[in-house]
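# What the coordinates show
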Amino acid sequence: MNGRHPLQQRADQAGLQVRWTDVAGVERDVAWDVVEAVLLSLQGNTDEEGVSPPLLTCIAGQGLRVPDAGSGPADWVGEQGAELPAQQVGPDQWIAPATPGYWHWRQGERLQAVAVAPLHAWFPDRADGPRYWGISTQVYGVSAAGDGGIGDSGGIAAWLPRLQRHGGDAIGLSPIHANMPIRSSFSPYSPSDRRWLEPLHGAPLQHLAEAALAVRAADPRLDADLALHEAAGQIDWPAAAAAKWQWIGRLPAWLQTHRPGHWQLIESEIAAYGAPLASWASHTAALSRTPASVQAFGQWLVQSSWHQVQRDARERGMAIGLIADLAIGFDPAGVEAHDNAGAVLQGLELGAPPDAFNPHGQAWGITGYAPRALRAQGYAPFISLLRAVMARRGGVRIDHILGLLRLWVLPRGAGAGQGVYLRCPFDDLLNLLVLESCRHRCVVIGEDLGVVPPGIRDALASRGVLGMDVLAFSRDGQGFLPARQWRASAVAMSSTHDLPPVAGWLQGRDLQWRRRLGWTGEAAQQLQLEQRQAEVRQLAAQVQAEGLDSGDLQRDALAFTARTPSVLALLPLEDAAGIIEQPNLPGTVDEHPNWRQRLRLQDDDTALDQRLSAFAAQRMPAVGA
C-alpha cells in the first residue's frame with residue numbers, strides 16, 4: 001500500500017487487519033472494497049469513549065488496571081461476600097486477589113466486576129504411569145444396535161469398556177450442539193445453538209430401553225424404517241432424522257400411559273431447567289415441525305444420556321472422559337443468534353483464508369460474536385457458552401482457537417478469499433477460558449492449525465491450553481519431525497476430520513478425490529502423486545529411525561504418533577479401523593459424502609484391538625525415564 005488510505009483510520013478503530021501474512025509467509029493486502037463492506041456491517045459496534053467495560057479480567061496475584069480508579073482506598077468482594085483490602089501499586093494499578101473467581105473491586109460507591117483467572121487451565125495430575133491417551137470420533141458415525149441410523153450417546157458408551165481394557169483416558173467427540181432442522185445436508189460445525197445439545201444424539205435404548213423397544217414394537221413400519229437406516233453405510237440425514245424424531249416423539253405418550261410415575265419424575269427434571277429450556281424449545285419448534293414439548297423432552301433425553309456416559313467414564317477410572325468439541329460459530333438463523341442478536345456479527349460470515357487445508361480459502365456460512373459487542377456485554381454470551389459446553393465434560397476442544405485472537409470475516413455471500421481479519425480481545429477471552437476450565441475441571445484443547453499468527457501458540461501454552469500436532473503437518477524441509485520434537489504442550493493426532501486417515505493418505509485417496517472433483521488436472525495430479533510418494537518414503541524413513549519398522553507403515557505411523565512427548569494423544573477411530581475415507585473434504589458440500597459415513601466396528605475386531613494396544617503401549621513411559 002502506498003500512502004495512507006482514507007479508510008485506514010476507520011479500519012484501525014474497528015479492529016480490522018488490512019495487511020496479513022499467509023500460510024507461505026507472504027504478506028497480503030486486503031482490497032479496500034472488502035474493507036469498506038465489512039466496515040458497513042460493523043457500524044455501531046464500537047466502544048464508548050471513557051466508559052469502563054462491565055467486566056475486566058486478569059490473572060490471580062498479578063496487576064490489573066482499573067480505569068479512572070483514583071488513589072482512594074478500595075477492597076475486593078468475593079462471590080460469597082468475602083472482603084479483602086485492595087493493594088494499589090501505581091496510578092489505576094491494583095494487585096488482583098490470589099484466589100481465582102469472579103470478584104468485584106469496590107471503591108466507595110463504585111463496583112467493578114473482575115474475572116480473576118488462574119495462570120493455567122486445568123489438567124489432571126498423574127505423577128507416575130503412562131501419558132494420557134484416548135480416541136476421537138465422529139459421534140453421528142459410530143454405529144450401534146438400535147441407534148436409528150444416527151450415532152448417539154449409546155454408541156459412545158459401548159466404547160468405554162474397550163477403552164478401559166487398553167488404559168485409555170479420553171474420548172474426543174465431534175460437535176454435539178443443537179442443530180438446525182435437517183432438511184438436506186448436515187454439518188456438526190454449523191449449529192443452531194452451541195449452548196444446547198442435539199436431541200438426535202440422545203439414545204432411547206440407553207436411557208429408556210423399555211419405552212423405546214415398546215414404541216418400535218407397536219409400529220412395525222417405523223421399526224422397519226429405523227432398521228433400514230441402521231443398516232445403511234451412509235446416513236440419509238433428512239430421512240433418518242425424521243424417523244428418529246418420530247421414535248423420540250412417541251416416548252412421552254408411552255411413558256404417561258404405562259409408567260406414569262417415571263413420567264412425573266421426567267417432567268420434574270424438565271421443569272428444573274426452567275425458562276432457558278422453555279425458550280430454546282419454543283424457538284427450535286418454530287424452526288422445525290416438532291412441537292416445543294417434544295423438543296424439551298428430547299433435550300432432557302440427550303442431556304441425561306451424555307451425563308450418564310461421562311459419569312460411567314469417570315467411574316471406570318478415566319482421568320478425562322468425554323471431550324466436547326466447541327464449534328467456532330453458529331447459523332445466523334438459529335436460536336443462539338436469536339437470543340444474542342445484539343452481540344452477533346450482522347451481515348458477515350466466518351471463514352478461513354487459503355491455507356494447508358484448502359488452497360482456495362473457506363466460507364463457512366456461519367456467524368459469530370462481534371468482539372466489541374461482547375466486551376460491552378461483559379462477555380456474558382461467551383461465559384454462558386463456556387459453562388454450557390464444559391458442564392459434565394472432562395475436556396473441550398475449541399475449533400479454530402485462533403479466533404480468540406482474530407476472526408476471518410467476509411460479507412455474506414462473498415468469495416472465501418474476500419475477507420479480512422477482525423481483532424478480538426484475546427487476553428480477556430483467554431482469561432475467561434482458563435477460569436472456567438478450572439471451575440469445571442475441564443481440559444482445554446485448541447485447534448491451532450492453518451494460518452497461525454506468530455506467538456499465539458506460546459501464549460496459549462503458557463496458560464495451559466493444549467495445541468494440536470497432526471502427523472501430516474509435523475514436518476520441516478527435511479521430512480517428518482522426530483517424535484521427540486513434537487510439542488509436549490499439544491495433543492498428538494494421526495489425522496483430523498478434515499484430512500484423510502493415515503491409510504487414505506498413504507494411498508493418495510485425497511488426491512484422487514481432488515482429481516475426481518476437477519480441482520486438479522491430470523498433469524498436476526501426477527506431480528502431486530509423485531510428491532505424496534516421496535512423503536510416504538520420508539515417513540517410512542522416520543518410522544524406521546524410531547525403531548518402529550514392523551512392515552505395516554499405517555500401524556507404525558500410529559505408534560510413531562503415540563510415542564511423541566505430548567501430554568495427551570488421541571487416535572481417530574478412522575485410523576484405528578484402517579479406513580481410507582475422510583469424514584469431511586473442506587470446500588465441498590454434496591460432492592463428497594461429508595459427515596455421512598457410518599463406522600461399523602465389531603467387538604471381536606482383532607486388527608482394531610491390535611492397533612489400540614500398539615498405540616497404548618507407546619504411551620507407556622520409557623524404561624528408566
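See above for the structure.
Residues take numbers from 1 onward in each chain, read along the sequence in its written order. Local features are withheld for residues below a pLDDT of 70 in this predicted model, meaning they are given only at 70 or higher, and side-chain atom pairs are given and counted only at 80 or more; totals for whole chains, interfaces and linings count all residues. Hydrogens are left out, water is left out, and the side-chain values use all remaining heavy atoms of the structure.

Secondary structure is summarised from DSSP: a helix means a run of H or I of at least four residues, a strand means a run of E of at least two, and numbering begins at the N terminus for each. Broken down by element type, the protein carries 22 helices and 27 strands. Relative to the 2.2 N^0.38 estimate, which gives 25 Å for 625 residues, the radius of gyration of the protein is 25 Å and therefore close to what a compact globule would have. Across its three principal directions, the C-alpha atoms of the protein cover 70 × 70 × 55 Å. The criterion used for residue contact is that any of the two residues' heavy atoms lie within 4.5 Å. Residue pairs in contact within the protein that sit at least 24 positions apart in sequence constitute 73% of those at least 6 positions apart. Every accessible area reported is derived by Shrake-Rupley at a probe size of 1.4 Å, with residue values counting cover from the shown protein chains alone. As displayed, the protein offers around 25,600 Å² of accessible surface, 51% of which is attributable to carbon and sulfur atoms. The charge count includes Lys and Arg as positive and Asp and Glu as negative, but it does not include His or the ends of the chains. Charge positions are represented by NZ for Lys, CZ for Arg, CG for Asp and CD for Glu. In the protein, 52 side chains carry a positive charge and 65 a negative one; their mean positions are 1 Å apart. With the radius of gyration taken over C-alpha atoms, the globule rule is written as 2.2 Å times the number of residues to the power 0.38.

What follows is about helix 19 (residues 522-545). An α-helical segment advances 3.6 residues per turn. Residues three or four places apart therefore align on the same side. Taking 1.5 Å per residue, 24 residues should reach 34 Å; helix 19 reaches 35 Å between its end C-alpha atoms and fits that length. Burial classes follow relative accessibility: with a 1.4 Å probe on protein chains only, a residue under 20% of its type's maximum area counts as buried, one over 50% as exposed, and anything between as partly exposed. Residues of helix 19 that are buried include every one of Gln525, Arg532, Glu535, Val536, Leu539, Gln542 and Val543, and no others. Against the buried residues of helix 19 lie strand 24 (475-476), strand 25 (479-480), helix 17 (502-507), helix 18 (509-516) and helix 20 (553-563). Glycine 547 sits one or two residues past helix 19 and shows a positive phi near 75°. Here the expected span of a helix is defined as 1.5 Å times the quantity of residues minus one.

It is worth spelling out the environment of serine 550 at this point. You can see serine 550 is positioned in the loop between helix 19 and helix 20. In sequence terms serine 550 and proline 425 are 125 residues apart; their C-alpha atoms lie 49 Å from each other. Pairs of N or O atoms within 3.5 Å make up the polar contacts considered here, provided that, within protein, one atom can donate a hydrogen while the other can accept it, and that residues adjacent in sequence are counted only when both atoms are side-chain atoms. At 2.7 Å, the side chain of serine 550 forms a polar contact with the side chain of aspartate 556.

What follows covers the packing of aromatic side chains. Note on aromatic pairs: the rings of Phe, Tyr and Trp (six-membered ring only in Trp) are paired at centre separations within 6.5 Å, and the planes decide the class, stacked below 30 degrees, edge-to-face beyond 60, tilted for the rest. Following the criterion strictly, the structure yields 18 aromatic pairs and no others. Measuring from ring centre to ring centre gives 5.7 Å for phenylalanine 297 and tryptophan 300, while their planes differ by 25°; the resulting arrangement is stacked. One end of the pair is phenylalanine 297 and the other is tryptophan 300, both in helix 11 (residues 292-315) and three residues apart, which spans about a single turn. You can call phenylalanine 297 buried: its relative accessible area is 1%. Grouping aromatic residues by their ring pairs yields a cluster made of Tyr140, Phe186, Tyr189, Trp237 and Trp595.

Approximately 980 Å³ is the volume found for the largest pocket. Definitions used for this entry: grid spacing 1 Å over protein atoms alone; cavity, a set of points where a 1.4 Å probe fits but cannot get out; pocket, an open set with protein on both sides within 12 Å along at least 5 of 7 lines; lining residue, one with an atom within 4 Å of a point. If you trace the largest pocket, you find 47 residues lining it, with Ser187, Tyr189, Ser190, Trp364 and Trp595 closest to the centre. Within the residue set of the lining of the largest pocket, elements represented by two or more residues are helix 8 (237-258) and strand 18 (362-363). Residue classes follow a fixed rule: Ala, Val, Leu, Ile, Met, Phe, Trp, Tyr, Cys and Pro count as nonpolar, while Asp, Glu, Lys and Arg count as charged, and any other residue, Gly among them, counts as polar. Taken together, the residues of the lining of the largest pocket break down into 23 nonpolar, 16 polar and eight charged. Grid points are joined across faces, edges and corners, and a volume is the space filled by probe spheres set on the points.

A few words on the pairing of strand 10 (residues 101-107). Burial runs high along strand 10: five of the seven residues are buried. DSSP-based pairing: two strands are paired if at least 2 bridges between them are found. The pairing of strand 6 (residues 75-77) with strand 10 spans three bridges and is classified as antiparallel. Its bridge partner being in strand 10, valine 77 is matched across the sheet by histidine 104. The hairpin turn running from strand 10 into strand 11 (residues 110-117), its antiparallel successor, is two residues long, and glycine 108 in that turn takes a positive phi close to 65°.

Moving on to the pattern of salt bridges. Counted as salt bridges are all cases of a side-chain nitrogen of Lys or Arg within 4 Å of a carboxyl oxygen of Asp or Glu. Going through the model one piece at a time under the given rule, you end up with 29 salt bridges. Of the charged contacts, one joins glutamate 546 and arginine 563 as a salt bridge, the two residues approaching to 3.9 Å between their closest N and O atoms. Pair noted here: glutamate 546 is in the loop between helix 19 and helix 20 and arginine 563 is in helix 20, with a separation of 17 residues, a long-range link. Through salt bridges with shared partners, a single network forms among Asp325, Arg397, Asp399 and Glu447.

Here we come to the sheet that holds strand 9 (residues 93-95). Across the sheet, three strands lie side by side as 5-9-8; this open sheet has antiparallel pairing. Both outer strands of the open sheet, strand 5 (63-65) and strand 8 (88-90), are each paired with one neighbouring strand and no more. Strand-to-strand twist across the sheet, computed as the mean angle between neighbouring axes with direction ignored, equals 40°. Relative to strand 9, strand 5 is paired through three bridges, and the arrangement is antiparallel. Within strand 9, the residue paired with glycine 63 across the bridge is isoleucine 95. Angles shown run from 0 to 180 degrees and are taken between the N-to-C directions of axes, each axis being a line fitted to C-alpha atoms and, for helices, limited to the stretch in contact.

A word on the nonpolar core. The biggest cluster of nonpolar side chains holds 67 residues, and the ones touching the most others in it are Leu16, Leu345, Val409 and Leu433. Sorting elements by how many residues they give to this core places helix 15 (residues 426-440) first, with seven residues. Apart from the residues within four sequence positions on either side, valine 409 is in contact with Val38, Leu345, Leu348, Glu349, Leu350, Gly419, Val420 and Leu422. Of all hydrophobic cores here, the second largest spans 46 residues; its members include Trp159, Ala569, Leu573 and Ala576. Side-chain atoms within 4.5 Å are what join buried Ala, Val, Leu, Ile, Met, Phe, Trp, Tyr and Cys residues into a set we call a nonpolar core.

Covered by surrounding structure in strand 22 (residues 443-446) are Val443 and Ile445 together with Val444 and Gly446, the residues of both alternating faces. The sheet contact formed by strand 19 (residues 395-398) and strand 22 spans four bridges and is parallel. When the sheet's bridge partners are listed, glycine 395 is paired in strand 22 with valine 443.

Locating alanine 490 in the fold gives a position in strand 26 (residues 490-493). Relative accessible area serves as the criterion here: at 0%, alanine 490 is assigned to the buried category. Sequence-wise, alanine 490 and leucine 558 are 68 residues apart; in three dimensions their C-alpha atoms are separated by 16 Å. Apart from the residues lying within four places of it in its own chain, the contact partners of alanine 490 are Leu466, Gly467, Met468, Asp469, Ser566, Val567 and Leu568.

In this section: the sheet that holds strand 4 (residues 55-59). Spatial strand order, 4-11-10-6-7: five strands in an open sheet with mixed pairing. On the outer flanks of this sheet lie strand 4 and strand 7 (83-85), each paired with one strand and no other. Recorded for the sheet is a direction-independent mean angle of 30° between the axes of neighbouring strands. Sheet topology note: the strand 10/strand 11 ladder contains seven bridges and is antiparallel. Note on strand 11: the bridge partner recorded for histidine 104 is alanine 113.

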